[in-house]
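The residues making up each chain are set out below.
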Amino acid sequence: MTEKKILNFGAGPAKLPQEVLKQVQGELLDYHGEGISILETSHRSKVYSNINDGAQRKIRDLLSIPENFKILFLQGGGTGQFASIPLNLIGKTGKADYIVTGNWSRLAAKEAEQYGQVNYVLPESKRFVGHPPRDQWKFSPDASYVYYCDNETVYGVEFPEPPETKGVPLVADMSSNFLTRPIDFTKFGAIFAGAQKNIGPAGVTVVIVREDLLGNALPVCPTVLNYSIMARDNSLHNTPPVFSVYVMDLVFDWIKRQGGLKEMHQRSKIKSEAIYNAMIASKGFYSCPVQSESRSRINIPFRIEASTPEKQTELEEKFLAQAQVKGMIQLKGHRSVGGIRASLYNAVGVEDAQALADFMLNFYKEANN
Ligand SMILES: Cc1ncc(COP(=O)(O)O)c(C=O)c1O
């Protein structure tokens, strides 16, 4: 076991609260005196049923989810939901509006094209740096739903608030900013999030869907992707990802102990401001391409400016290597955009973000000496 403190800024699977990992370690071999591990426990047992129901209750409480929304714990990740959303929700008119602000919403739209007619609300773009002006948005009159990604993990583009859809059910991918701020459920038809960034290990995807939207799945919708069947069977139609749900349940407890979503929201602002402020203080040495009003609180991509691309690569590699020596890991930007990316999920502490901001400033000063 390494003695060095590791600050994990990975984009996912990402840092989990130490407290939670220690609890998992402590009860791994014998879950609550049952004499067996949770990994060996039947999903039909009372033990698991308590975890499944408890986790639903806790997330409902944390987010103040109204009673007319079902909470599902599914498999297949965010990518699975790119198919599940149209398979379950496009049936009403056969059409859906997609607001594409990055690669994840673009992939979701491509997947949906297999199941219905997709209208692209925004003009096509190759560089994702924010949200185009409202007068360029083109909604269709008869969409079954409007889809968007609340926080584009790769490009660091986050909606400051949900788009207005004038009554058309709004569907959000919140995989990378889920439980980092409160949600106004009056604005949503469905929300989904893979767990592996803010709320637990990979393997479980949370889906929160308004009851009146159920029952319209396309005939080709596979059983495991069918929200109505999964809701009817309390996410126990088939074997659920027992271990992932168990850890996620503990993370919900941890979030509550920390002060709930109000606190997570506050911390996310402090953490991201520390990094953005370091960029400002560097007077252009670090740059983030995203327009200021669309900058993510959670995933911050940035580059080091240099006179040539070779010099830029050299400086960024040096930055990553020196950060690694200081225990700051998984800071490499996504392979499609390059550069550096700091992911500041719930389990990443304010002091961790501050340490990174300090390192950025020191690195900048040394590079300019
Ligand atoms: C916003 C967002 N949506 C969807 C996905 C895809 O998730 P998965 O890898 O679980 O399919 C990711 C993965 O990082 C993501 O960040």
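Residues numbered from 1 in each chain as written. Predicted model: local features only at pLDDT ≥ 70, side-chain atom pairs only at ≥ 80, totals over all residues. Heavy atoms only, no water.

Undergrad: What should I look at first to understand the packing of helix H1 (residues 18-26) against helix H6 (residues 242-258) in this one?
TA: Any two packed helices are characterised by how steeply their axes cross, that is the angle between the axes, and by the distance between the axes. Remark: H1 packs on H6, axes separated minimally by 9 Å, with the N-to-C direction vectors making an angle of 135 degrees. With respect to their mutual orientation, H1 and H6 come out oblique. You can see that H1 and H6 cross each other, and the crossing is right-handed. For the pair formed by H1 and H6, the contact residues are Glu19, Val20, Gln23 and Val24 on the first element and Phe243, Tyr246, Val247, Leu250, Val251, Trp254, Arg257 and Gln258 on the second. Residue classes in the contact of H1 with H6 are distributed as eight nonpolar, two polar and two charged. (Axes fitted to C-alpha atoms, helices over the stretch in contact; angles between N-to-C directions. Helix = DSSP H or I, 4+ residues; strand = E, 2+ residues; numbered from the N terminus. Parallel < 35°, antiparallel > 145°, perpendicular 65-115°, else oblique. Left-handed = near helix turned anticlockwise from the far one by under 90°. Contact = heavy atoms within 4.5 Å. Nonpolar A, V, L, I, M, F, W, Y, C, P; charged D, E, K, R; others polar.)

Undergrad: Quick question: what am I supposed to make of the side chain of Ser282 here?
TA: Tracing the backbone shows Ser282 in the loop between helix H7 (260-281) and strand E11 (286-287). In contact with Ser282, not counting residues within four places along its chain, are Leu361 and Tyr364.

Undergrad: Where do I start with the domain arrangement of the protein chain in this structure?
TA: Often the size quoted for an interface is simply the accessible area lost on bringing the parts together. Its domain assignment divides the protein chain into domain 1 (18-258) and domain 2 (259-367). A separation of 27 Å is found between the C-alpha centroids of domain 1 and domain 2. Counting each side, the surface lost to burial between domain 1 and domain 2 is near 2,300 Å², with a carbon and sulfur contribution of 52%. Taken together, the connections running from domain 1 to domain 2 amount to one salt bridge. At the boundary of domain 1 with domain 2, the tally comes to 17 residue pairs in polar contact (both at pLDDT 80 or more). Elements represented by at least two residues in the side of domain 1 that touches domain 2 include exactly helix H2 (46-63), strand E7 (157-158) and H6. In terms of residues, the side of domain 1 that touches domain 2 owes the most to one element, H6, which gives five residues. Partitioning the side of domain 1 that touches domain 2 into residue classes produces twelve nonpolar, ten polar and six charged. (Domains from an automatic or database assignment. Buried area = accessible area lost by both parts, 1.4 Å probe. Salt bridge = Lys/Arg side-chain N within 4 Å of Asp/Glu carboxyl O. Polar contact = N/O pair within 3.5 Å; in protein donor to acceptor, adjacent residues only side chain to side chain.)

Undergrad: Could you clarify how one ought to interpret the nonpolar core in this entry?
TA: Generally speaking, nonpolar side chains in soluble globular proteins are found buried as a group. One finds Tyr98, Tyr145, Tyr286, Phe319 and Leu356 to be the most contacted residues of the largest nonpolar core, which totals 64 residues. No other element matches the seven residues that helix H9 (residues 350-367) contributes to this core. Two domains each donate at least three residues to this core, and these are domain 1 (18-258) and domain 2 (259-367). If you look at the next biggest cluster of nonpolar residues, it comprises 53 residues, including Tyr48, Phe159, Leu170 and Ile191. (Core = buried A, V, L, I, M, F, W, Y, C linked by side-chain atoms within 4.5 Å. Buried < 20%, exposed > 50% of the residue type's maximum accessible area, 1.4 Å probe, protein only.)

Undergrad: Before we go on, may I ask you to explain the sheet that holds strand E3 (residues 95-99) in this structure?
TA: Read from one edge to the other, the open sheet built from seven strands follows the order E2-E10-E9-E8-E5-E3-E4, with strand pairing classed as mixed. Here the strands that pair on one side only, and so sit at the sheet edges, are strand E2 (69-74) and strand E4 (117-120). Sheet twist, expressed as the average angle between the axes of neighbouring strands with direction ignored, equals 20 degrees. Bridge analysis of strand E8 (residues 170-173) against strand E9 (residues 190-194) gives three bridges, and the strand direction is parallel. Paired with Val171 across the strands is Ala190, a residue of E9. Sitting on the sheet, H2 is in contact with E2 and strand E10 (205-210), with an inclination near 130 degrees to E2. (Pairing = 2+ DSSP bridges.)

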